[in-house]
Amino acid sequence: MMAAITAAWEGGEVTLLEGGERVGKKLLSTGNGKCNLGNLRLGPEDYCGADREWLGECLSQFGTRDAILFFRKIGLLIKDRNGYLYPAAEQAAVVLDVLRTELRASRVELVTGCKVESVCPTGGKNAKTGFEVRAGSQSFHFDRVVLACGSKAAPKTGSDGSGYRIAEAMGHRIVPVVPALVQLRCEESCLKEVAGVRADAQVNVLSRENGEKLYGERGELQLVDYGISGIPVFQLSRRVNYLLREQGGHPKVEISVNLMPDYDDEEFERLCALRTLLLTDRTVEEFFAGILNKKLMYLFIKLAGLKRETPVAKADEAKMAKVYRLCRDWRLWVTGSNSFDNAQVCAGGVDTGEVGRNMESLVVPGLYFAGEILDVDGRCGGYNLHWAWCSGYLAGKNAAGNAECEEVHRV
Ligand SMILES: Cc1cc2nc3c(=O)[nH]c(=O)nc-3n(C[C@H](O)[C@H](O)[C@H](O)COP(=O)(O)OP(=O)(O)OC[C@H]3O[C@@H](n4cnc5c(N)ncnc54)[C@H](O)[C@@H]3O)c2cc1C
């Protein structure tokens, strides 16, 4: 939609082919129906996949301010919640409405129910004679094509990975695609006992070779009966899925969860020593009360091999120490993630090494890319939609005009 509008503003005669019955279905489910469409704090470091320098050059041509101005221009009011941008109406449907209205106002011809199967450069890859686009019994001819088919995430919304096949058939390399921003599934059946608990945590992914921390994220961890979820987990999921992919057989990745991330080792030791001095006349359950969520503490007492009703004076010291250790370093084995159906985005996609900073293919001139089909995936917080706006703007602008980019308010 962004590419089509921008190309039309550039004077292009634009046709938008959409496989579904309506455009922009995925937008409706974004941000829990409120659409977190951007972020005031945004840079290449908020993304993975593509080369940082390439991303930086793309984002510098269409940043958050440009996106705000674009939306203002098409009638959408935006509000800022601690840097996270939402439509003022707090409804994703409103964002889709203004985009669809602008498609109409800009005279973009919209063809829905048109599932593209192939895009072929007519007269060979370098001939610049245009493209034949086939969709079922329909066939179209265009001078230039922007491929913006999305990824494989949430295929119910229309993005089923067909864009990768179309790009691959034209000679593009596809970086292996895995679900990202998705829940992780764990081996431990005891998670059932703590399902529903949410807690602030530092979640670290550990190396299989030496147990050292590879990646880490802090935020609200959500425990579910089959594994772990929440923003820190979502943010680690692309890396965990690639680690799992590298392993053969029955892959698994070790995670360490620190449920007391505000304490460093020294502070934590002081705290334990103090509690041991003060709380001598308690049962094990009473002794450990007041530190963590109750369900979690019951689980840790059980995992340490203690009974809740045992007086602390009679409790095994090593087992007591294990409860403390679990609070700071609870190990879980991740065996996989939820599928593409549950993923918010995909990692992988069209290799950006074969795409110019104007979004034009370096393999097939006249072919452009926009959005998640590219090997670019962002953190939670409006970054993925910003990438869709930014790359869509660049693809549309350059496909139509192939001119140097101007600032959006001068379009
Ligand atoms: C539940 C959920 C919540 C999310 N929340 C947020 C959020 O709050 N903030 C954020 O920044 N990001 C969020 N995202 C991610 C964001 O929605 C996507 O990154 C973004 O929509 C990608 O835009 P796109 O245009 O590349 O792909 P899509 O939005 O998937 O659009 C691709 C379109 O191409 C069509 N299509 C696909 N193949 C073909 C074909 N062969 N022929 C014709 N048409 C085709 C599809 O039907 C679809 O309409 C969320 C994603 C999900 C699933």
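Remember, it's a predicted structure, so these values are computed and weren't measured experimentally.

1. A few points about helix α11 (residues 317-328)
- The terminal C-alpha atoms of α11, which comprises 12 residues, lie 17 Å apart, in line with the 16 Å expected from a rise of 1.5 Å per residue.
- Considered for burial, the residues of α11 that qualify are Met320, Val323, Tyr324, Leu326 and Cys327. Axial view of α11: buried residues confined to an arc of 160°, hence all on one face. For α11, exposure combined with an orientation more than 90 degrees from the buried face picks out Glu317, Ala318 and Ala321.
- Against the buried residues of α11 lie α8 (265-278), α9 (284-288), α10 (294-303) and β17 (330-337).

2. Some points on the pairing of strand β4 (residues 78-81)
- The pairing of β4 with strand β5 (residues 84-87) spans four bridges and is classified as antiparallel. Looking across to β5, one finds that Ile78 is bridged to Pro87.

3. A short note on the sheet that holds strand β12 (residues 184-186)
- A barrel is described by the order of its strands in space; here six strands give the closed sequence β12-β15-β14-β13-β16-β17, paired in antiparallel fashion. Neighbour to neighbour, the strand axes of the sheet diverge by 50° on average, direction disregarded.

4. Considering the packing of helix α1 (residues 2-9) against helix α12 (residues 383-400)
- Contact geometry of α1 with α12 gives a least axis separation of 7 Å together with a crossing angle of 35°. Both α1 and α12 take part in a crossing whose hand is right-handed. Residues Met2, Ala3, Ala4, Ile5, Thr6 and Ala7 of α1 touch α12, and the partners they reach there are Ala388, Trp389, Gly392, Tyr393, Ala395, Gly396, Lys397, Ala399 and Ala400.
- Considering only residue class, the contact of α1 with α12 consists of 11 nonpolar, three polar and one charged.

5. Looking at the pairing of strand β18 (residues 345-350)
- Burial analysis of β18 places six of its six residues in the buried class, which makes it a mostly covered element.
- Pairing of strand β11 (residues 174-180) with β18, which is carried by five bridges, proceeds in the antiparallel orientation. Directly across from Pro179, in β18, lies its bridge partner Cys346.

6. Looking at the site of the ligand
- The environment of the ligand is formed by 34 residues, the closest being Gly31, Gly150, Gly158, Gly371 and Leu385.
- Put simply, the parts of the chain that give the shell around the ligand at least two residues each are α2 (25-29), α6 (162-169) and α12.
- Among the elements that take part in the shell around the ligand, α12 stands out by supplying four residues, more than any other.
- When grouped by side-chain class, the residues that make up the shell around the ligand number 13 nonpolar, 16 polar and five charged.

7. Overview of unusual backbone geometry
- The backbone of Cys35 shows a phi angle near 65°, a positive value even though the residue is not glycine.
- With respect to the helices and strands, Cys35 occurs in the loop between α2 and β2 (38-39).
- Residue Cys35 is classed as buried on the basis of its C-beta count, with 24 C-beta atoms lying within 10 Å.

8. Describing the nonpolar core
- By size, the foremost hydrophobic cluster in this structure holds 116 residues, and its most contacted members are Ala4, Leu147, Val323 and Phe369.
- Here this core takes 11 residues from α12, the largest share from any one element.
- Among residues more than four places away in sequence, those in contact with Phe369 are Leu147, Val350, Val355, Met359, Ser361, Leu374 and Ala395.

9. Some words on the packing of α10 against α11
- Axis separation between α10 and α11 bottoms out at 9 Å; the angle between their running directions is 130°. Regarding the angle of α10 to α11, the classification is oblique. Helix-helix and strand crossings are classified by hand; for α10 and α11 the assignment is right-handed. Contact with α10, carried on its side by Phe300, Ile301 and Leu303, involves Val323, Leu326 and Cys327 of α11 and no other residues of that element.
- The residue inventory of the contact of α10 with α11, partitioned by class, reads six nonpolar, no polar and no charged.

Thresholds, definitions, all that
- Residues numbered from 1 in each chain as written.
- Predicted model: local features only at pLDDT ≥ 70, side-chain atom pairs only at ≥ 80, totals over all residues.
- Helix = DSSP H or I, 4+ residues; strand = E, 2+ residues; numbered from the N terminus.
- Expected span 1.5 Å × (residues − 1).
- Buried ≥ 20, exposed ≤ 12 C-beta atoms within 10 Å, placed from the backbone.
- Arc of directions from axis to C-beta.
- Contact = placed C-beta atoms within 7 Å.
- Pairing = 2+ DSSP bridges.
- Axes fitted to C-alpha atoms, helices over the stretch in contact; angles between N-to-C directions.
- Left-handed = near helix turned anticlockwise from the far one by under 90°.
- Nonpolar A, V, L, I, M, F, W, Y, C, P; charged D, E, K, R; others polar.
- Near = placed C-beta within 6 Å.
- Core = buried A, V, L, I, M, F, W, Y, C linked by C-beta atoms within 7 Å.
- Parallel < 35°, antiparallel > 145°, perpendicular 65-115°, else oblique.

Structural measurements only, silent on function.
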